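Inside the fold
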Amino acid sequence: MAGDILKVKELVEGYLGRGNDPKDILDNGLIAGMDIIGGRFKRNEVFIPEVMIAAKAMHSGLDLVKPHLAESGVKPFGKIVVGTVKGDLHDIGKNIVSMMFRGAGFDVVDCGIDVPSGKFIDLVKQENADILAMSSLLTTSMPFMGEVINLLTKENLIDSVRVMVGGAPVTKEFAQNIGAHGYAEDASSAVDRARELLRISAKR
Ligand code: B1M
């Protein structure tokens, strides 16, 4: 929570060395800390830099735990394909959302910015994604979110993937109008929404 990368590494290495359960380190150490930061961010008690620094520290621990999780057969909560829609080059918010998803234990495929609608569909299929998370910062790029949902419907994929949308100009009403399954106004709520969409709690 203090963003101390070296301390996180030292602690995680220590716990792993003493034979602690990697899932316990993840759930009760790394994710629990990130959840607290998410709550503080939502209440405006900390801001984007603190969230990014905490996420970096969290990732330094996650990198050490990951191989042990794979060995012990622990699966990620779900796979999320994330990207900023066509015509839109804004990625600061999308990157924070991606980091929070990763911090919450999701497997994230970040396909970047200015993503053509068809590419989202290809990735959803290719990655067998549980959630598609689209970001838009421009009123002119928002309609592409609807276009992607129409394409998913056409390809009969709309019932096998949950779609969530966000970004400064996006509203809950807009999300409902285009047929998205979820909307979140900030990165921390995006994690809550993703968990709701997959019906899992922070503790699984
Ligand atoms: Co641009 N820009 N910009 N810009 N830019 C805005 C968005 C704008 C509001 C500024 C303004 O006019 N006041 C305006 C849009 C107006 C509109 O659409 N009505 C605008 C414009 C017009 C433009 C250009 C057209 C300017 C020009 O060239 N004439 C151009 C467009 C380029 C393009 O995309 N094709 C442009 C370019 C740029 C830069 C490249 C210079 C730069 C982007 C750099 C980058 O992202 N790598 C930039 C920036 C930085 C901004 C502002 C200043 C800041 C955006 C930002 O990063 N905010 C922005 C004005 C503003 O918002 N004050 C502006 C911080 C970020 C953490 O917040 O992205 O909202 P945000 O993400 C939040 C939430 O929205 C949410 O969680 C995040 C964290 O809490 N969230 C999600 C985001 N995605 C989510 C997805 C989810 C859930 C939640 O689920 C899937």
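Attention here is on the structure that accompanies the text. (Residues numbered from 1 in each chain as written. Predicted model: local features only at pLDDT ≥ 70, side-chain atom pairs only at ≥ 80, totals over all residues. Heavy atoms only, no water.)

**Let's talk about the overall build of the chain**
- Scanning the chain from terminus to terminus reveals eight helices and five strands.
- Reading the helices (α) and strands (β) of the chain from amino to carboxyl end gives α-α-α-β-α-β-α-β-α-β-α-β-α.
- For 204 residues, the compact-globule estimate of 2.2 N^0.38 gives 17 Å, and the C-alpha radius of gyration of the chain, at 17 Å, lies within 12% of that figure.
- Counting across all 204 residues of the chain, residues that qualify as buried make up 48%.
- The long-range fraction of contacts in the chain, counting pairs at least 24 apart against all pairs at least 6 apart in sequence, stands at 74%.
- For the chain, the computed accessible surface area is about 10100 Å², with 53% contributed by carbon and sulfur atoms.
- Taking the average place of the 24 positive charges on the side chains of the chain and the average place of its 27 negative ones, the gap between the two points comes to 2 Å. (Helix = DSSP H or I, 4+ residues; strand = E, 2+ residues; numbered from the N terminus. Rg over C-alpha atoms; globule rule 2.2 N^0.38 Å. Buried < 20%, exposed > 50% of the residue type's maximum accessible area, 1.4 Å probe, protein only. Contact = heavy atoms within 4.5 Å. Areas by Shrake-Rupley, 256 points an atom, 1.4 Å probe, with all protein chains shown as cover. Lys, Arg positive; Asp, Glu negative; His and termini not counted. Charge placed at Lys NZ, Arg CZ, Asp CG, Glu CD.)

**Looking at the coordination of the cobalt atom of the ligand**
- No protein donor other than His90 (NE2) coordinates the cobalt atom of the ligand, and that contact is at 2.2 Å.
- Relative to the assigned elements, histidine 90 resides in the loop between strand 1 (79–84) and helix 4 (92–103). (Donors = N, O, S within 2.8 Å, 3.2 Å for Na, K, Ca; no water.)

**Let's talk about the nonpolar core**
- Counting residues in each nonpolar core, the largest one holds 39 residues, and the members touching the most others are Met34, Val51, Ile80, Phe101, Phe106 and Met164.
- For this core, the elements supplying multiple residues, two or more each, are helix 1 (5–17), helix 2 (22–42), helix 3 (48–71), strand 1, helix 4, strand 3 (131–135) and helix 8 (187–197).
- Ranked by the residues each element gives to this core, the list is headed by helix 3, at eight residues.
- With near-sequence residues (within four places) excluded, isoleucine 80 lies in contact with Phe101, Phe106, Asp107, Val108, Val109, Ile131, Ala133 and Ala194. (Core = buried A, V, L, I, M, F, W, Y, C linked by side-chain atoms within 4.5 Å.)

**Digging into the packing of helix 1 against helix 2**
- At a minimum axis distance of 10 Å, the contact between helix 1 and helix 2 shows a crossing angle of 145°. Considering the relative orientation of helix 1 and helix 2, their crossing is right-handed. Residues Val8, Val12, Tyr15 and Leu16 of helix 1 form the contact with helix 2, whose own contacting residues are Pro22, Ile25 and Leu30. (Axes fitted to C-alpha atoms, helices over the stretch in contact; angles between N-to-C directions. Left-handed = near helix turned anticlockwise from the far one by under 90°.)

**Remarks on the sheet that holds strand 5 (residues 182–183)**
- Strands sit in the order 2-1-3-4-5 across an open sheet of five strands; the sheet is parallel. Sheet topology places strand 2 (107–110) and strand 5 at the edges, where each strand pairs with a single neighbour.
- Pairing geometry for strand 4 (residues 162–166) and strand 5, over two bridges, is parallel. In the strand pairing of strand 5, valine 165 is matched with tyrosine 183.
- Its contacts with the sheet put helix 8 on strand 1, strand 3, strand 4 and strand 5, and the angle it makes with strand 4 is roughly 165°. (Pairing = 2+ DSSP bridges.)

**Things to note about helix 3**
- The terminal C-alpha atoms of helix 3 lie 34 Å apart, and with 24 residues this matches the ideal 34 Å at 1.5 Å per residue to within 8%.
- In helix 3, a bend of some 35° at valine 65 exceeds every other bend along the element, and proline 67, a proline, comes one to four places later.
- The set of residues buried in helix 3 consists of Val51, Ala54, Ala55, Ala57, Met58, His59, Ser60, Gly61, Leu62, Val65 and Leu69.
- For helix 3, the elements touching its buried residues are helix 1, helix 2 and helix 4. (Expected span 1.5 Å × (residues − 1). Bend = angle between axes of the 7 residues up to and from the residue.)

**Focus on the site of the ligand**
- Close contacts around the ligand come from 27 residues, with Leu89, His90, Asp91, Ser135 and Thr139 the closest.
- Within the backbone of glycine 87, an N or O atom sits 3.0 Å from a nitrogen atom of the ligand.
- Here a nitrogen atom of the ligand sits 2.8 Å away from a polar atom, N or O, in the side chain of serine 135.
- When contributions to the shell around the ligand are tallied by element, the ones reaching two or more residues are helix 4, strand 3, strand 4 and helix 8. (Near = heavy atom within 4 Å. Polar contact = N/O pair within 3.5 Å; in protein donor to acceptor, adjacent residues only side chain to side chain.)

**With respect to the packing of aromatic side chains**
- Tallied over the entire structure, the rule returns two aromatic pairs.
- Summarising the aromatic geometry, the rings of phenylalanine 77 and phenylalanine 106 are spaced 5.7 Å apart at their centres and angled 70° between planes, so their arrangement reads as edge-to-face. Of this pair, phenylalanine 77 sits in the loop between helix 3 and strand 1 while phenylalanine 106 sits in the loop between helix 4 and strand 2, placing them 29 residues apart in sequence.
- Here phenylalanine 101 and phenylalanine 106 contribute two aromatic rings whose centre-to-centre distance is 6.0 Å and whose plane-to-plane angle is 75°, an arrangement assigned as edge-to-face. (Phe/Tyr/Trp six-rings, centres within 6.5 Å; stacked < 30°, edge-to-face > 60°.)

Bear in mind that shape data such as this cannot, by itself, settle questions of function.
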